[in-house]
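Secondary and tertiary structure notes
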Amino acid sequence: MGTLLPCRMGFSPCGTSGVMMRGQHGPKPILHLLVLLMAGQVGLAKESAPWLGVHLGVSSNRQATALTDVVGSLAELGINAIVAEINYGFEYESHPELRGRDPITKEQAGKLAAECRKHRIRLIPQFQCLGHQSWSRNTAPLLTKYPQFDETPGLYPENKEIYCRSWCPLHPEVNPIVFGLMDELIGAFQADALHVGLDEVFLIGEDACSRCKGKDKAELFARAVNDYHKHLVGERRVEMLMWGDRLIDSSVLKFGKWEGSENGTARAVDLIPKDIILCDWHYELRPAYESVPMFLEKGFRVWPASWKKPDAAKAFVDYSLAQRGNPRMLGHLNTTWGAVQVKDLAKFEPLLIAAGSFKPRQP
Ligand SMILES: [Zn+2]
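Thresholds, definitions, all that
- Residues numbered from 1 in each chain as written.
- Predicted model: local features only at pLDDT ≥ 70, side-chain atom pairs only at ≥ 80, totals over all residues.
- Helix = DSSP H or I, 4+ residues; strand = E, 2+ residues; numbered from the N terminus.
- Buried ≥ 20, exposed ≤ 12 C-beta atoms within 10 Å, placed from the backbone.
- Pairing = 2+ DSSP bridges.
- Axes fitted to C-alpha atoms, helices over the stretch in contact; angles between N-to-C directions.
- Arc of directions from axis to C-beta.
- Contact = placed C-beta atoms within 7 Å.
- pLDDT = per-residue confidence, 0-100.
- Parallel < 35°, antiparallel > 145°, perpendicular 65-115°, else oblique.
- Left-handed = near helix turned anticlockwise from the far one by under 90°.
- Nonpolar A, V, L, I, M, F, W, Y, C, P; charged D, E, K, R; others polar.
- Core = buried A, V, L, I, M, F, W, Y, C linked by C-beta atoms within 7 Å.
- Right-handed = clockwise from strand over helix to strand, strands pointing away.

Comments concerning the overall build of the protein
On a plain count of helices and strands, the protein comes out with eleven helices and ten strands. Here the protein, with 363 residues, has 48% of them falling under the buried criterion.

Next comes the structure, spelled out in structure tokens:
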């Protein structure tokens, strides 16, 4: 199950500037930093604190309410970042036809953001881009409402014989819609970062797509990443996070076709900006997690991510701790993927392992 479920699902916990101040990334105006300091949004004492995060799907108002209720208990554990995968679960106004069932209201998004701010937790919404546009027989709203955006239009009825549908990275009408949704999430969740997913994209550069047929898959993947980066970092001035699996060459690092890439996308790692935060997910017990130093050496910030197996989580945490000399190794992100109910999040064993291991040292 672990390998069949998606991986999916930064800034120093108290702000980008914590990282920026160590000088690894593009400089932000000093004035901006001063404003943040004056607003109390940046704690200098915490600038080197590890990023201790939890990732979960939050696709309904009910789930957003449940998450809001446990923010305080997560903060008590030392959690300082929450990646909330929203996807279509928000009451979008730019494209109301893409709302899922019981979408998160603006009001609830604001309450969650306020609760996170109160507890100094960075709230990072996620919108899953490109891949994972279907799950089992269910196709997500974008390709249901706009089937012409599908990378394999008309193929695979009921999604049989495929893992998940993808949208076409070259269809000229997709990004304007998706960017509108991203902007709404950034606004409603008062976010300074967005996670764009991008894991487990298996359908890319397909012969069924007249635009992509025959094109290099790494370049197509990088094109998508760069498009999102241009919008988010270049125009919206927020940070961008993504899953790292498509950037790992499984013929070099033996991770298999899920947590690494066997479909020709891996060279994209050298075609995208280094200020993207790579969430490097690995859920199985291994003697080494070589993608972490690989990404670090290339200049990326890396946020290692585990899931539900306590021994695997501990091994990955321990391996990551050994990389802690590199300040771009950010900390740890615990994914959940339904393995724990939201109300029990603060008791999730792998989360306790990570929180206990990375707990900021007492001054
Ligand atoms: Zn295409």
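Some thoughts on unusual backbone geometry
Phi at glutamate 161 takes a positive value of approximately 70°, unusual for a residue other than glycine. When you line up the elements, glutamate 161 lands in the loop between α5 (141-145) and α6 (174-188). Judged by local crowding, glutamate 161 falls into the exposed class, with 8 C-beta atoms found within 10 Å. One non-glycine residue, leucine 198, lies in the positive phi region at around 75°. Within the fold, leucine 198 resides in the loop between β6 (193-197) and α7 (217-235). Classification of leucine 198 by C-beta neighbours within 10 Å gives buried; the count is 27.

Description of the sheet that holds strand β1 (residues 51-57)
The eight strands are arranged β1-β2-β3-β6-β7-β8-β9-β10 in a closed barrel whose pairing can be described as parallel. On average, each strand axis in the sheet is tilted by 25° relative to the strand beside it, whichever way the strands run.

Overview of helix α9 (residues 291-298)
Of the residues making up α9, those classed as buried are Ser291, Val292 and Phe295. End-on, the buried residues of α9 take up no more than an arc of 105°, which puts them together on one face. Buried residues in α9 make contact with β8 (277-281), β9 (301-306) and α10 (310-321). Positioned one or two residues after α9, glycine 299 has a phi angle of 105°, which is positive.

Some thoughts on the confidence of the model for the protein
Summing up the model confidence of the protein, the mean pLDDT is 89 and the portion of residues at 70 or higher is 86%. Within the model, pLDDT remains below 50 along residues 1-29, and this stretch shows 87 contacts once partners closer than five positions in the same chain are excluded. In the model, residues 35-47 has pLDDT below 50 throughout and makes 18 contacts with residues more than four positions away in sequence or in other chains.

Quick word on the packing of helix α3 (residues 61-77) against helix α4 (residues 106-118)
Working note: a packed helix pair is described by the angle between its axes plus the distance between those axes. Taken N-terminus to C-terminus, the directions of α3 and α4 make an angle of 15°; their axes are 9 Å apart at the nearest point. Judged on the interaxial angle alone, α4 and α3 are roughly parallel. Considering how the two elements wind past one another, α3 and α4 form a crossing that is left-handed. Residues Asn61, Ala64, Thr65, Leu67, Thr68 and Val71 of α3 form the contact with α4, whose participating residues are Gln108, Ala109, Lys111, Leu112, Glu115 and Cys116. Among the residues forming the contact of α3 with α4, the class breakdown is six nonpolar, four polar and two charged.

Considering the nonpolar core
Counting 99 residues, the largest nonpolar core has Leu185, Leu194, Met242 and Cys279 as its most contacted members. Looking at this core, the element that brings in the most residues is α7, giving eight residues.

Structural notes on the pairing of β6
Within β6, five of the five residues are buried, which leaves it mostly tucked inside the rest of the structure. Of the pairings in the sheet, the one linking strand β3 (residues 122-129) to β6 comprises two bridges and is parallel in character. If you follow glutamine 126 over to β6, its bridge partner there is histidine 195. Strand direction decides the pairing type here: β6 and strand β7 (residues 239-243), joined by three bridges, are parallel. Among the inter-strand pairings, histidine 195 is bridged to a residue of β7, identified as leucine 241. Viewed along the sheet, the connection from β6 through α7 into β7 turns out right-handed.

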